[in-house]
Amino acid sequence: MTQYSDNQPPKSNAQPSMVTVNNLPSDQPATLWLIDDDSALRMVLADTFEDAGLTVISFTQAQAAWTRLNDVLKQPESVAQLPDVILTDIRMPMMDGLSFSDWVHQHFPDMPIVIMTAHSDLTSAINSYQTGAFEYLPKPFDLDDAVATIYKAINYQPNIESSNIDSSHYPNGTNIQESANAPAAIQAMPHKTTQAKPKTAVDVNSDKKPANNFKNNTGTPTDAKSNKNPSGIIGQSPAMQTVFRAIGRLAQSPISVLITGESGTGKELVASALHQHSPRKQQPFIALNMAAIPHDLIESELFGHEKGAFTGATTTRQGRFEQADGGTLFLDEIGDMPFSTQTRLLRVLANGEFYRVGGQQPIKVDVRIIAATHQNLEELVKQNRFREDLFYRLNVIRLPLPPLRTRPEDIPALATYFMQCAAEQMNTTPKYLHPAALQLMQTFGWRGNVRQLENVCLWLTVMATGDTVMATDLPPELLENVPSDAAGHQPDHSLSPQASTQSPQWPNSDSINPDNINTDAKTTQLAIGQNWQQALADWAQQSLDSGKTDILQTAMPEFERVLLTAALNHSGGKKIEAASLLGWGRNTLTRKLQQLDLSSQTILSKEQIE
């Protein structure tokens, strides 16, 4: 992985190894069409993929790419102009990326499309896969990960003969789809006699533009409660993006899924999302908690019973399996199922048949099973408390959910959502969480996970006074291990004694005059004990008094320049670490370096001065 470093040697003029489809011999490198209306990101990505050995053709909007593809449909002799892979954003003017992907999948079914978006919620992930996308990349993503994904898409091409590809050319004999370090694994392949088949297209109403059939793709702002996500699953963290991808891939499959995670992480919400986005969505979704049913009633609850099967069975009753026929049955806390019932469940999973309690005729059903547990089933198997064969039947696909404490960046959005839900429930105005309160909430352990956060937001809606929830308004359990000064209303932003003796300066004196920051015309240093907010306030007031306008546009680039330079110096020039210190993604940091015209020489000279 490339790192930002002053000691990094200058970029070589040597041409990168040419990447071809499925690494077959060809005179032309693989072609990538890049579609994004963000010019800065488009430039960064184009440079990255060209350095990776691809031919890149950029488009500012999907409509332009659609026009070129439509021309190919009208003129089959120009099929050679087709790209080998397309990377497109979702939200763009005139035509959104999802509608474009859907149209391409209809007319060019073998062409892989990778969809990227900054609006990385569950709906976007599922819609992406439903349009036939090869992969879904939530922004911000690592450039190396993007290159690896594009390499996979190029080597996936089903219409290319690749049986003669020698895996020995990859490090350790691993295939590119299995290699975690895909960019290093791609090498120029030796010539073989295998030839690529010509690209093909399917002409289906080619003159008809793809309609924007996907909602909320136009960039229209939506409130935090809707979150553009009817499933109620909220999260922008990498851990939740992994969950979203898994749901998107699994939703269309009838395969059994085992959801694992601590109590309160949202296992039933994920199970419901899998059902709601599956072909079974018009059929029943039945949720059953094994821990909430007495053991002697579980079999009757699951499989039903015949009249007279036991004392009190006065009528024939359908079980949950019959009720969920054609749909999905969610078995929560499967680890608490009695051992005897596990045997009967195993038979249903094996052939879809079961008998009602007291029944003589087998009943056949078509039910998708989604199970969930907070327990370690492998450990239960070792203790002979859970059948090993049932475990392997359920554990076809395991979907682990992250605890809330591992994704604190999702807490502000979750808290806002729950505060609005609580306000609707209480028929009152939603309350606003003060940043200091949010900060404390992000550092809390949340042993009850999302469910505990929801309860806290309901408590705050009822108990906190005023429209703004301060840190001191939080429940006692959130403040137990917090120093008294940390729970104050106004955190101390003053510089430390060490920092206050240094001299923060605006790097570009042409944009902001240091004389305006400090009335002492002889110096630009901050007085000892004076904080940077006050210095900025003094400069802003003097700028306005002197008749200047657009002061935010003047100050913001310089403010970013100071912080970016400090972060790069602190990290030793490592981009990823610097981006993390700033709370940015690596791509954002790279784009800011270009926008602010900062280079390694600039950073080096600053280090020499200091």
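Structure: see above.
Chemist: I keep staring at the nonpolar core and nothing clicks. Help me out?
Modeler: Nonpolar side chains in soluble globular proteins tend to be buried together. Within the largest apolar cluster, 31 residues are counted, with the highest numbers of intra-cluster contacts made by Leu302, Phe321, Leu329, Leu331, Ile334 and Phe386. Those elements that place two or more of their residues in this core are strand S7 (285-289), helix H9 (298-303), strand S10 (328-332), helix H11 (339-351), strand S13 (368-373), helix H12 (377-382) and helix H13 (388-394). When residues of this core are assigned to their parent elements, the largest contribution, four residues, is made by H11. When residues no more than four places from it in sequence are discounted, the contact partners of Phe321 are Leu302, Phe303, Leu329, Leu345, Val348, Phe354, Val365, Val367 and Ile369. With 25 residues, the next largest nonpolar core counts Leu433, Ala437, Trp446 and Ala464 among its residues.

Chemist: What exactly am I supposed to notice about helix H16 (residues 449-463) here?
Modeler: Helical geometry note: an α-helix holds 3.6 residues per turn, so side chains three or four residues apart project in the same direction. Taking 1.5 Å per residue, 15 residues should reach 21 Å; H16 reaches 21 Å between its end C-alpha atoms and fits that length. Residues of H16 that are buried include every one of Asn449, Val450, Gln452, Leu453, Val456, Cys457, Leu460 and Thr461, and no others. In the core, the buried residues of H16 are packed alongside helix H14 (411-426), strand S15 (432-433), helix H15 (435-443), strand S16 (468-469) and helix H17 (476-479).

Chemist: Looking at this structure, how should I read the pairing of strand S1 (residues 31-35)?
Modeler: As a general feature of sheets, a regular strand has side chains that alternate between the two faces. In terms of burial, S1 is a largely internal element, five of the five residues being buried. Burial along S1 is two-sided: the residues Thr31, Trp33 and Ile35 and Leu32 and Leu34 are all buried. Pairing of S1 with strand S2 (residues 55-59) involves five bridges; the strand directions are parallel. Bridging across to S2, Thr31 finds its partner in Thr55. For the crossover that starts at S1, traverses helix H1 (residues 39-51) and ends in the parallel S2, the hand is right-handed. Here S1 pairs with strand S3 (residues 85-89) via four bridges, running parallel. Counted as the bridge partner of Leu32 is Val85 from S3.

Chemist: Explain unusual backbone geometry here, please?
Modeler: In most cases, non-glycine residues show a negative phi, while peptide bonds are predominantly trans. Non-glycine residue Glu333 carries a positive phi angle of around 50°. With respect to the helices, strands and loops of the structure, Glu333 is situated in the loop between S10 and H11. Residue classification places Glu333 among the buried residues on the basis of a relative accessible area of 9%. For Asn449, which is not glycine, the phi torsion reads 60° and is therefore positive. Note that Asn449 resides in helix H16. Looking at Asn449, the relative accessible area reads 0%, which means it is buried.

Chemist: Looking at this structure, how should I read the sheet that holds S13?
Modeler: Picture the strands of a sheet paired through backbone hydrogen bonds; they go either parallel or antiparallel. Across the sheet, which stays open at both edges, the five strands sit in the order S7-S10-S13-S6-S14 with parallel pairing between neighbours. Both outer strands of the open sheet, S7 and strand S14 (397-400), are each paired with one neighbouring strand and no more. Across the sheet, the axes of successive neighbouring strands diverge by a mean angle of 20°, strand direction being ignored. As paired strands, S10 and S13 are joined by four bridges and run parallel to one another. Counted as the bridge partner of Leu329 is Ile369 from S13. Strands in contact with helix H7 (residues 238-250) are strand S6 (257-260), S13 and S14; relative to S14, the strand with the most contacts, it is inclined by about 150°.

Chemist: What am I meant to see in the sheet that holds S2 here?
Modeler: Ordered by their spatial adjacency, five strands build an open sheet running S2-S1-S3-S4-S5, and the pairing between neighbours is parallel. The sheet is open, and its two borders are formed by S2 and strand S5 (135-138), each paired with just one other strand. With strand direction ignored, the average angle separating the axes of adjacent strands in the sheet is 20°.

Chemist: Can you help me understand the packing of H14 against H16 in this one?
Modeler: Packed helices, taken two at a time, are described by the angle their axes make and the gap between the axes. At a minimum axis separation of 8 Å, H14 and H16 run at an interaxial angle of 50°. Relative to H16, the element H14 lies oblique. Handedness of the crossing formed by H14 with H16: right-handed. Contacts between H14 and H16 involve Ile411, Leu414, Ala415, Phe418, Met419, Ala422, Ala423, Gln425 and Met426 on the former and, on the latter, Val450, Leu453, Glu454, Cys457, Leu458, Leu460, Thr461 and Val462. For the contact of H14 with H16, the residue count by class is 14 nonpolar, two polar and one charged.

Here is what the cut-offs are and how they apply
Residues numbered from 1 in each chain as written. Predicted model: local features only at pLDDT ≥ 70, side-chain atom pairs only at ≥ 80, totals over all residues. Heavy atoms only, no water. Core = buried A, V, L, I, M, F, W, Y, C linked by side-chain atoms within 4.5 Å. Buried < 20%, exposed > 50% of the residue type's maximum accessible area, 1.4 Å probe, protein only. Helix = DSSP H or I, 4+ residues; strand = E, 2+ residues; numbered from the N terminus. Contact = heavy atoms within 4.5 Å. Expected span 1.5 Å × (residues − 1). Pairing = 2+ DSSP bridges. Right-handed = clockwise from strand over helix to strand, strands pointing away. Axes fitted to C-alpha atoms, helices over the stretch in contact; angles between N-to-C directions. Parallel < 35°, antiparallel > 145°, perpendicular 65-115°, else oblique. Left-handed = near helix turned anticlockwise from the far one by under 90°. Nonpolar A, V, L, I, M, F, W, Y, C, P; charged D, E, K, R; others polar.

Just distances and angles here, no functional claims.
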